[in-house]
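Architecture at a glance
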Amino acid sequence: MPVGRLTTKSKFYIDLHYWEQSGRNFRQEVYDALCGECKQMYSLDQVQMVDHVDPETGEVKQLDVLLDCASDVCAQSADFINPKMPLTRSIFRALIAAGNTPQSAEEIFARIKRASPNVILKELMSPKMEEDGVTPL
Amino acid sequence: MSSASETYWNNFSINDKDVERVYAYMLERGEAARSADLARIVIAARAKEEQERRQRLSTQAVLYQPKLVLEVGQRLIFSALNEIEGTVTAVRDSNNPRLKPFQVATVTFADGTKREFAGAYDLPHPLNELKPIVTGAADESPEEIYARYGAKIERLLAARLRMDREFVEQDGKWLLRGLLTEINVGFLNIAEAAIEQNNVGMSTLELARVLELDLEGAKRETTLFSLDYALQRDERFVDVGPVGEPRWYLNRLVPAEVWNVPRVLQFGAAPLYDKTLPPELETILSEIEDDNNDDVRDGRAAAKVDLVLTYPHRRMGSLPYTQGVRALFPEADKPMLVTLLDEYGTRIPAWVVPDGNYIFGLKAWYDRNKLNPGALLELAPRGEPLTAEIRYQPRREGKSLWVKIAKVENGHLTFGTSPRPVAFKYDEEMLILPEDQTGLDKLTASNYGDRSLDALLADIFPELVKLGSSSIHAKTLYSAVNFAKRVGARAVFSALANSEAFTTTGGGYFVLQMAARPA
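Let me begin by describing the structure that accompanies this report. (Residues numbered from 1 in each chain as written. Chains lettered and ligands numbered in written order. Predicted model: local features only at pLDDT ≥ 70, side-chain atom pairs only at ≥ 80, totals over all residues.)

**What to know about helix H2 (residues 26–33) of chain A**
Residue and element names in this part refer to chain A. Of all the positions in H2, only Phe26, Val30 and Tyr31 are classed as buried. What you see down the axis of H2 is that its buried residues fit within an arc of 135°, all on one side. In H2, the exposed residues that point more than 90 degrees away from the buried face are Gln28 and Asp32. Each element contacted by the buried residues of H2 is listed here: helix H1 (16–21), helix H4 (65–72) and helix H5 (87–97). (Buried ≥ 20, exposed ≤ 12 C-beta atoms within 10 Å, placed from the backbone. Helix = DSSP H or I, 4+ residues; strand = E, 2+ residues; numbered from the N terminus. Arc of directions from axis to C-beta. Contact = placed C-beta atoms within 7 Å.)

Here's what the structure looks like:
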């Protein structure tokens, strides 16, 4: 297996520290993406960490309440990641839908069902995604 | 074998962990490994994994599911985390206004790490659907599993490894690409020159010695693998060795007749008959080594072979690759370069062409010794690898003999007799000399020989009768029809025995029934 080289199995996540340092508001970004159901439940100024159950392992992690709702509720909606979005936006939404748990290009491909793992990997390593704080683990 | 085990191995597929194990094994081994060895690694690891899983399950640890009500001190096995085991060390209430309250249990693992997991969580979750069944992967020993499923696992593993650039394959063996010995174009140029100079197929080991590659100790197998791999991928070189024993030659020196079966050596269509031959014809057939398109290797020991030369082989300078001839050489699954040695010690390079069922390369030898269809030939084994002896029985030419000759008139095969010198011992019934080679070549190129065997025999039979006898021997008809198309003796004898157009008069002789003659 290749060592020191990113592959379609390498994991990526959104670096929230980068957002802070850049003076950008990640919570605002997540709130803008929320579906109607979650927007009814929560407001932007509701800052709270909640218990989030991993949908594969059952592990409980602390997650921002907006991210928890986005990943568990909004992510089930077809509109959350729709094919009309630019690919980079779809990839970003896929990371939010995973609750910002590190995802590989192959896992993102399985979620968004667009392009291919190799194309998605290229996008993950692109300057655009770097600007959005997407970084390899 | 238990049904759980059958289910497991019948539904088996290679996963990433299997590939990682194989990679680690090959990295540690440092040299090429056979597919069988890699399959055994995978089977042993899976069986061990299952055994360990069973041991853990049997020691009162419970398979973790979020719906379980958890208690401090409870031991859990996490199937979604490679079956690791942990112990609940604390339990608290959940904090998520969106969800019905559930437990959050702190689990401590053997390495001291702590992680939290949901309990009393009865919302839909894939782990809540799990049924903790034992897979059966370890019901039998790895040897028993390999005996039954080894071939399938090898196939699946090979298919998976072929998709991964880290693995290279050569003749059923695998090596990590990073471990290949570098064989640059300079080495290959030297190999090309060596083969051309020797004009024989050279084994990989022989070439490695010419190239002075490192063959010491552990490096030897990797070096040979790497050289084979490089030669295979350079179109200058072709493997002309027996099955499993590469011998390298130059593509540009291989005669065209080895890659493309010449028309005169292409078998004609022969109908299949259910009935065996009458005993008389079986006896006659057993006296000649049949040139038969269905011949396969039958495991017989190498022994002297007596052949009668037929026209197609005389014309092209070839021999039929009969069962007896096959036994003289190792098994070939592609063109194989061998040597035939005549009584003067002349070494004749010859090509076994399994697909065409012939050995090519004897034209000059036939011409030099003035051989013709009907000549008696003998092949014999020789201790040297890929070598056999070839002999004919010389005859003082003396007075010319009146022999049958084959010629072409108005696009049809016909026969006559003529005095000719004959310098070799021959089969009386099968001796027919080609009279008009240009005409015969045009006949071969035409569709004359594409007619049914019955039609050809009916056309040829009266032409032979014109020579003075109404009854014709089966061997004569066999030799004659081969001037039109290459056909085996069994096919000819079967056609004679089963067609209403011909009637036997005993002793292998037939007469033509004019009324029943095919159209």
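So that's the structure; there's more coming.
**Brief notes about the interface of chain B and chain A**
Contact residues are listed per partner, giving 20 residues for chain B and 12 residues for chain A. Sorting the residues of the side of chain B that touches chain A by element identifies helix H2 (16–29) and strand S6 (114–119) of chain B as the ones contributing at least two each. Here the element with the most residues in the side of chain B that touches chain A is S6(B); it accounts for 4 residues. Considered class by class, the residues forming the side of chain B that touches chain A number 11 nonpolar, 4 polar and 5 charged. (Nonpolar A, V, L, I, M, F, W, Y, C, P; charged D, E, K, R; others polar.)

**Describing the nonpolar core**
One finds Leu457(B), Leu477(B), Val481(B) and Val492(B) to be the most contacted residues of the largest nonpolar core, which totals 118 residues. When near neighbours in sequence (up to four residues on either side) are disregarded, Leu477(B) contacts Leu457(B), Ile460(B), Phe461(B), Ile472(B), Val492(B) and Leu496(B). In terms of nonpolar packing, the next biggest core, distinct from the first, is built from 33 residues, Phe12(A), Val30(A), Val50(A) and Met129(A) among them. (Core = buried A, V, L, I, M, F, W, Y, C linked by C-beta atoms within 7 Å.)

**So, the sheet that holds strand S21 (residues 432–434) of chain B**
Residues and elements named next belong to chain B. Pairing within the open sheet is mixed, and its 3 strands lie in the order S20-S19-S21. With partners counted over all chains shown, the strands left at the sheet margins are strand S20 (412–420) and S21, one partner each. Pairs of neighbouring strands in the sheet enclose a mean axial angle of 40°, with direction left out of account. Sheet topology note: the strand S19 (residues 401–409)/S21 ladder contains 3 bridges and is parallel. Among the inter-strand pairings, Ala406 is bridged to a residue of S21, identified as Pro434. Helix H13 (residues 437–445) rests against S19, S20 and S21 of the sheet, and its axis sits at about 50° to S19. (Pairing = 2+ DSSP bridges. Axes fitted to C-alpha atoms, helices over the stretch in contact; angles between N-to-C directions.)

**Things to note about unusual backbone geometry**
All names here are of chain B. In this structure, Asn82 is a non-glycine residue whose phi angle is positive, near 55°. Here Asn82 lies in the loop between strand S3 (75–78) and strand S4 (84–93). Positive phi outside glycine occurs at Asn199, with the angle close to 50°. Of note, Asn199 is situated in the loop between helix H5 (185–198) and strand S9 (202–203).

**A look at the sheet that holds strand S8 (residues 173–176) of chain B**
Residues and elements named next belong to chain B. Strand order in the open sheet formed by 3 strands is S1-S8-S7, and the pairing between neighbours is antiparallel. Where the open sheet ends on each side, the last strands, each with one partner, are strand S1 (33–34) and strand S7 (167–170). Of the strand pairs in this sheet, S7 and S8 are connected by 4 bridges, and their pairing is antiparallel. When the sheet's bridge partners are listed, Glu169 is paired in S8 with Trp174.

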